[in-house]
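Structural characterization, general
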Amino acid sequence: MDPRGPPMKPYIVIVHKDEHSAYGMSFPDAPGCFSAADEIEDIFAMASEALELWAEGMREDGLPIPEPRDFEDLRNDSEWGPNLREAGLILALEHKS
């Protein structure tokens with residue numbers, strides 16, 4: 001048995017970029033969480049920071065932190081599925097609740 005416990009399901013981050021704009025990041029299973037990065041090299045750090053700050057705010061407000069869904073569930077979601085198909089990049093971030 002792994003002493004660290006069961007593996008955590010990652011949060012999916014959808015990265016999109018329009019011409020002449022920053023890289024925008026959406027978090028389907030973290031309502032109200034979003035981020036942006038000017039450079040592609042900064043995407044992972046900015047996404048991680050945004051997710052941590054979002055979770056901290058949820059805890060401070062006494063709200064439950066939603067469990068992330070499986071990638072297949074997101075692909076089949078009527079709201080998020082099209083965003084996944086149009087994404088420039090998709091990240092999977094672990095977060096300790």
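Computed from a predicted structure; not experimentally measured. Every chain is numbered on its own, with residues counted from 1 as its sequence reads. Since the coordinates come from a predicted model, pLDDT governs what is reported: local features require at least 70, and pairs of side-chain atoms require 80 or more to be given and counted, while whole-chain, interface and lining totals use all residues. Where side-chain values are given, they derive from all heavy atoms of the structure, hydrogens and water being excluded.

**Looking at the nonpolar core**
If you look at soluble globular proteins, the nonpolar side chains tend to sit buried side by side. Rule in force here: Here the nonpolar core consists of buried residues drawn from Ala, Val, Leu, Ile, Met, Phe, Trp, Tyr and Cys, with membership extended through side-chain atoms lying within 4.5 Å. Residue exposure (1.4 Å probe, protein chains only): buried if accessible area is under 20% of the type maximum, exposed if over 50%, otherwise partly exposed. Helix numbering and strand numbering both begin at the N terminus, where a helix is a DSSP run of H or I of at least 4 residues and a strand a DSSP run of E of at least 2. The contact definition used throughout considers only heavy atoms, calling two residues in contact when any of these lie within 4.5 Å.
Grouped together as the largest cluster of nonpolar side chains are 19 residues, with contacts concentrated most on Val13, Met25, Phe27 and Trp54. At the level of elements, strand S1 (11–17), strand S2 (23–26), helix H1 (43–60) and strand S4 (89–93) are the ones that each hand at least two residues to this core. The biggest single contributor to this core is H1, with 7 residues. Ignoring sequence-local partners within four residues, the contact set of Phe27 consists of Ile12, Val13, Cys33, Phe34, Ser35, Ala47, Ala50, Leu51 and Leu93. Formed by 6 residues, the second largest nonpolar core is a distinct cluster that contains Ile12, Leu74, Trp80 and Leu84.

**What about the environment of Ser21?**
Here is the rule we go by: Pairs of N or O atoms within 3.5 Å make up the polar contacts considered here, provided that, within protein, one atom can donate a hydrogen while the other can accept it, and that residues adjacent in sequence are counted only when both atoms are side-chain atoms.
You can see Ser21 is positioned in the loop between S1 and S2. Through-space distance from the C-alpha of Ser21 to that of Pro64 is 33 Å; in sequence the pair is 43 residues apart. A polar atom in the side chain of Ser21 sits 2.7 Å from the backbone oxygen of Asp18.

**Focus: H1**
Inclusion rule: The span expected for a helix works out to 1.5 Å for each residue beyond the first.
For H1, built from 18 residues, the straight-helix expectation of 26 Å at 1.5 Å per residue is met to within 8% by its first-to-last C-alpha distance of 26 Å. Gly62 occupies a position one or two residues after H1 and carries a positive phi of about 70°.

**A word on the environment of Cys33**
Secondary-structure assignment places Cys33 in the loop between S2 and strand S3 (34–37). Looking at Cys33, the relative accessible area reads 7%, which means it is buried. Spatially, the C-alpha atom of Cys33 lies 16 Å from that of Ala22, the residues being 11 residues apart in sequence. Ignoring any residue separated from it by four or fewer positions in sequence, one finds Cys33 in contact with Phe27, Ala50, Leu51 and Trp54.

**Digging into the packing of aromatic side chains**
Put simply, the rule is: The rule is short: rings of Phe, Tyr and Trp, with Trp giving its six-membered ring, pair when the centres are within 6.5 Å, and they are stacked under 30 degrees, edge-to-face over 60, tilted in between. The criterion is that NZ of a Lys, or CZ of an Arg, lies within 6 Å of the ring centre and within 35 degrees of the ring normal, and then a charge sits over that ring.
Applying the stated criterion to the full structure yields 1 aromatic pair. Taking 6.1 Å as the distance between ring centres and 70° as the angle between the ring planes, the aromatic pair formed by Tyr11 and Trp54 counts as edge-to-face. One end of the pair, Tyr11, is in strand S1; the other, Trp54, is in helix H1, with 43 residues separating them in the sequence. Of the two residues examined, Tyr11 and Trp54, each falls in the buried class. Note that Lys17 overlies the ring of Tyr23, its terminal NZ or CZ placed 5.3 Å from the centroid.

**Focus on the side chain of Asp29**
Counting through the fold element by element, Asp29 comes out in the loop between S2 and S3. A relative accessible area of 7% places Asp29 in the buried class. Within polar-contact distance, the side chain of Asp29 engages the side chain of Arg69 at 2.6 Å. Residues contacting Asp29, with those up to four places away along its chain left out, are Tyr11, Trp54, Pro66, Glu67, Pro68, Arg69 and Leu74.

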